[in-house]
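What follows is the residue order along each chain.
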Amino acid sequence: MSRSEGTTRAKKAVALQYGPGDTAPVIVASGMGYMAEKIVETAADCGVPIYEDNSLSTILTQLKLGQEIPESLYQAIVEIYVYFLHFDPTGNVKTQQEGGQTPPRETEETT
């Protein structure tokens, strides 16, 4: 048995907020394991869209609560926001004729 078999990576979750007057999205919740599960559960219960990206969540969980995301992550966050602009929870994909680009085929969640 290899060392990686039988072990699970701790789930990570980060919640971002971008409001009027903010210069960049801000970390409003962050956690691993049980806390990550509760962050995702709370988001889902409140109708907040969830995007999974383990690499990005690993970086974001290293930031402090209340901290703005660094400029080096702007592009990654913009791509997530654009995805959600075109996200339809009913499963219908918005086409370019309906006002935007077709979202990515694979759905990911930021946890």
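All of these numbers come straight from a predicted model, not from anything done at the bench.

## Focus: the environment of Gln67
Mapped onto the secondary structure, Gln67 falls in the loop between helix H2 (54-60) and helix H3 (74-85). A C-alpha to C-alpha distance of 5.6 Å links Gln67 and Ile27, two positions 40 residues apart in sequence. Beyond its immediate stretch of four places on either side in the chain, Gln67 contacts Pro25, Val26 and Ile27. Here the side chain of Gln67 touches Lys64 through a polar contact of 3.0 Å, landing on its backbone nitrogen.

## Re the nonpolar core
Counting residues in each nonpolar core, the largest one holds 12 residues, listed as Val14, Ala24, Ile27, Tyr51, Leu56, Leu60, Leu63, Ile69, Leu73, Ile77, Ile80 and Tyr83. If you list the elements that add at least two residues to this core, you get H2 and H3. If you tally residues by element for this core, the top one is H3, at 3 residues. Contacts of Ala24, omitting those with residues within four sequence positions, involve Gln17, Tyr18, Glu68, Ile69 and Tyr74.

## With respect to the environment of Thr58
Along the chain, Thr58 turns up in helix H2. A relative accessible area of 25% places Thr58 in the partly exposed class. For Thr58, the side chain forms a polar contact with the main-chain oxygen of Asn54, separated by 2.9 Å.

## Focus on a nonpolar patch on the surface
The grouping of Val78, Val82 and Leu85 at the surface amounts to a nonpolar patch, some 250 Å² of accessible area in total. With respect to the element layout, Val78 can be found in helix H3.

## Side note on the side chain of Lys12
By the element assignment, Lys12 lies in strand E1 (residues 12-17). Among the polar contacts listed, one links the side chain of Lys12 to the side chain of Thr58, at a separation of 3.1 Å.

## Examining the confidence of the model for the protein
On average, residues of the protein score 79 in pLDDT, and 71% of them reach the 70 mark or higher. Predicted confidence in the protein is weakest over H3, with a mean pLDDT of 91, and strongest over strand E2 (residues 26-32), with 95. Here residues 1-7 is modelled with pLDDT under 50, and outside its nearest four sequence neighbours on either side it reaches 0 contacts, counting other chains as well.

Calculation criteria
Residues numbered from 1 in each chain as written. Predicted model: local features only at pLDDT ≥ 70, side-chain atom pairs only at ≥ 80, totals over all residues. Heavy atoms only, no water. Helix = DSSP H or I, 4+ residues; strand = E, 2+ residues; numbered from the N terminus. Contact = heavy atoms within 4.5 Å. Polar contact = N/O pair within 3.5 Å; in protein donor to acceptor, adjacent residues only side chain to side chain. Core = buried A, V, L, I, M, F, W, Y, C linked by side-chain atoms within 4.5 Å. Buried < 20%, exposed > 50% of the residue type's maximum accessible area, 1.4 Å probe, protein only. Patch = residues over 30% accessible without salt bridge, like charges linked within 9 Å, V, L, I, M, F, W, Y side chains within 5 Å. Areas by Shrake-Rupley, 256 points an atom, 1.4 Å probe, with all protein chains shown as cover. Salt bridge = Lys/Arg side-chain N within 4 Å of Asp/Glu carboxyl O. pLDDT = per-residue confidence, 0-100.

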